[in-house]
Every structure is written in structure tokens, then in C-alpha cells.
Amino acid sequence: DGGDAAYAVEFASGETAAAILEGVTVTNGHGTYGGGISIWASSPTITDVIATGNTSDTFGGGIFAFQSSSSLSNVTLDTNDCNLKGGGMAVGQSTGFSLTDSTATNNVAGQHGGGLYFELSPATVTDVVVSDNIAVSAGGVHLNQSDAVLTNVAIADNDAPEAWAGSDEASA
């Protein structure tokens, strides 16, 4: 329990895949970048983790990853929120980042990507359910200049009251 403190969990010292976060629930975190889990220029392995009830002032209510090649599997992102992008998770400038066998549900973003948001990140997303999320645009998944590969990803019942037309960003 983060106790509404800055980042319930933070990786910011160049951690590698040998740093493992497994089998925990991360809740009540609050941060500027990543309310629950914040990853900066590190690449931990995260598995069997629930991120719920976390908030971020900017990006990644549940999880924020920047310049990371983290591997996340069996992660539940539920009921997180952020003021800008990536209610469930936001990933920026990251290569080799992967998310598998996971869910992003009931998250809220004040701008884009209620469930998931990727910016300048060629991520791999496999066997993921993204549903019942809300954002101003792209309630489910927002790809901003990202060549992410989505395989067997179910995107359904997300809400976005505004749609962008004619931009260089892709949304789903």
C-alpha cells in the first residue's frame, strides 16, 4: 500500500531484468510519473502483479515506463487514473518493452489512452484485454508515433467522447 505517497514502487537505478517484482498488489500510489509503479531507464521483470487504485499527475496511473525494455506478464491494471495519458499504463521512448497475458480495465486518462498509451515505443503487446476504460480520446489504446505490435488484443467497451481526425497518431 503506497499510502498515497510518491510512487508505491520505483525502478530508477538502471535495474535489469534480474530485478523481479512478482506476486504483489500495488495500490494507493500517487506520483507525477506513474502512480503505482514508476520505471526510469530500467528494465525490471514484472509478473503476477495487480496495480489498482493508483493516480498520476501526468502519465501512467498504474504503471509508467520511460526508456525501458521491461517484460510484464500477467499484470492487472484496474481502476487507476491519470491527468494526462495512460490511465492504466504509459510507455515512452522504450524499445523491447513487452506486455503479455494481462488486462487493463476501468482506468481513466484525462487526455489519451484510458487503458494503454505508447509514445515513441515499438512495444509488443500479446494476449491482452483492454476494456471499460475512459479517456478524452482513445479510451482503449493510444499509439503516438509507436510501431507497437498488438497480437490477440481484445479492445472493447472503452469510451472516448472526442475523436481525432487528421493527426499522425493512431487510436483504438
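Residues numbered from 1 in each chain as written. Predicted model: local features only at pLDDT ≥ 70, side-chain atom pairs only at ≥ 80, totals over all residues. Heavy atoms only, no water.

Asks: Explain the overall build of the protein to me, using residue names and the numbers behind them.
Replies: The helix and strand tally for the protein stands at zero helices and 19 strands. For 172 residues, the compact-globule estimate of 2.2 N^0.38 gives 16 Å, and the protein sits close to it at 14 Å. Viewed in the frame of its principal axes, the protein has a C-alpha envelope of about 40 × 30 × 25 Å. Relative to its full complement of 172 residues, the protein shows a buried share of 48%. Just so you have it, the protein exposes about 6,900 Å², and 50% of that area is on carbon and sulfur atoms. (Helix = DSSP H or I, 4+ residues; strand = E, 2+ residues; numbered from the N terminus. Rg over C-alpha atoms; globule rule 2.2 N^0.38 Å. Buried < 20%, exposed > 50% of the residue type's maximum accessible area, 1.4 Å probe, protein only. Areas by Shrake-Rupley, 256 points an atom, 1.4 Å probe, with all protein chains shown as cover.)

Asks: If you had to explain the environment of Asn83 to someone new, which residues and values would you point to?
Replies: Mapped onto the elements of the fold, Asn83 is located in the loop between β10 (81-82) and β11 (89-92). In this structure, the C-alpha to C-alpha distance between Asn83 and Gly61, residues 22 residues apart in sequence, is 8.4 Å. Sequence-distant contacts of Asn83, that is, excluding residues within four places in its chain, are made with Ser56, Asp57, Thr58, Gly110 and Gln111. A polar contact is formed between the side chain of Asn83 and the backbone oxygen of Asp57, at a distance of 3.3 Å. (Contact = heavy atoms within 4.5 Å. Polar contact = N/O pair within 3.5 Å; in protein donor to acceptor, adjacent residues only side chain to side chain.)

Asks: Describe the sheet that holds strand β16 (residues 134-137), with residues and values.
Replies: The strand order across the open sheet formed by five strands is β4-β7-β10-β13-β16, and the pairing between neighbours is parallel. Each edge of the open sheet carries a strand with a single partner, namely β4 (30-33) and β16. As defined by bridge partners, strand β13 (residues 108-112) adjoins β16 across three bridges and the pair is classed as parallel. The residue of β16 that forms the bridge with Val108 is Ile134. (Pairing = 2+ DSSP bridges.)

Asks: Hey, could you go over the side chain of Ser56 for me, with residue numbers and the actual values?
Replies: Here Ser56 lies in strand β7 (residues 55-59). A polar contact of 3.0 Å, which involves the side chain of Ser56, links it to the backbone oxygen of Thr32. Once residues within four sequence positions are removed from consideration, Ser56 is found in contact with Gly31, Thr32, Tyr33, Gly34, Gly35, Gly61, Asp81, Cys82 and Asn83.

Asks: Outline the nonpolar core, supporting the account with residue identities and numerical values.
Replies: Counting 28 residues, the largest nonpolar core has Ile37, Ile46, Met89, Leu116 and Phe118 as its most contacted members. Every residue in contact with Ile37, bar those within four places of it in the chain, is listed here: Val9, Phe11, Leu21, Val26, Ile46, Val49, Gly62, Ile63 and Phe64. (Core = buried A, V, L, I, M, F, W, Y, C linked by side-chain atoms within 4.5 Å.)

Asks: So, the side chain of Ser43: which residues are in play, and what are the values?
Replies: Structurally, Ser43 is set in the loop between β5 (37-40) and β6 (45-52). By relative accessible area, Ser43 is classed as buried at 15%. Here the side chain of Ser43 touches Ser69 through a polar contact of 2.8 Å, landing on its backbone nitrogen. Ignoring sequence-local partners within four residues, the contact set of Ser43 consists of Glu15, Thr16, Ala17, Ser68, Ser69 and Ser70.

Everything listed is a geometric property; what it means functionally is a separate question.
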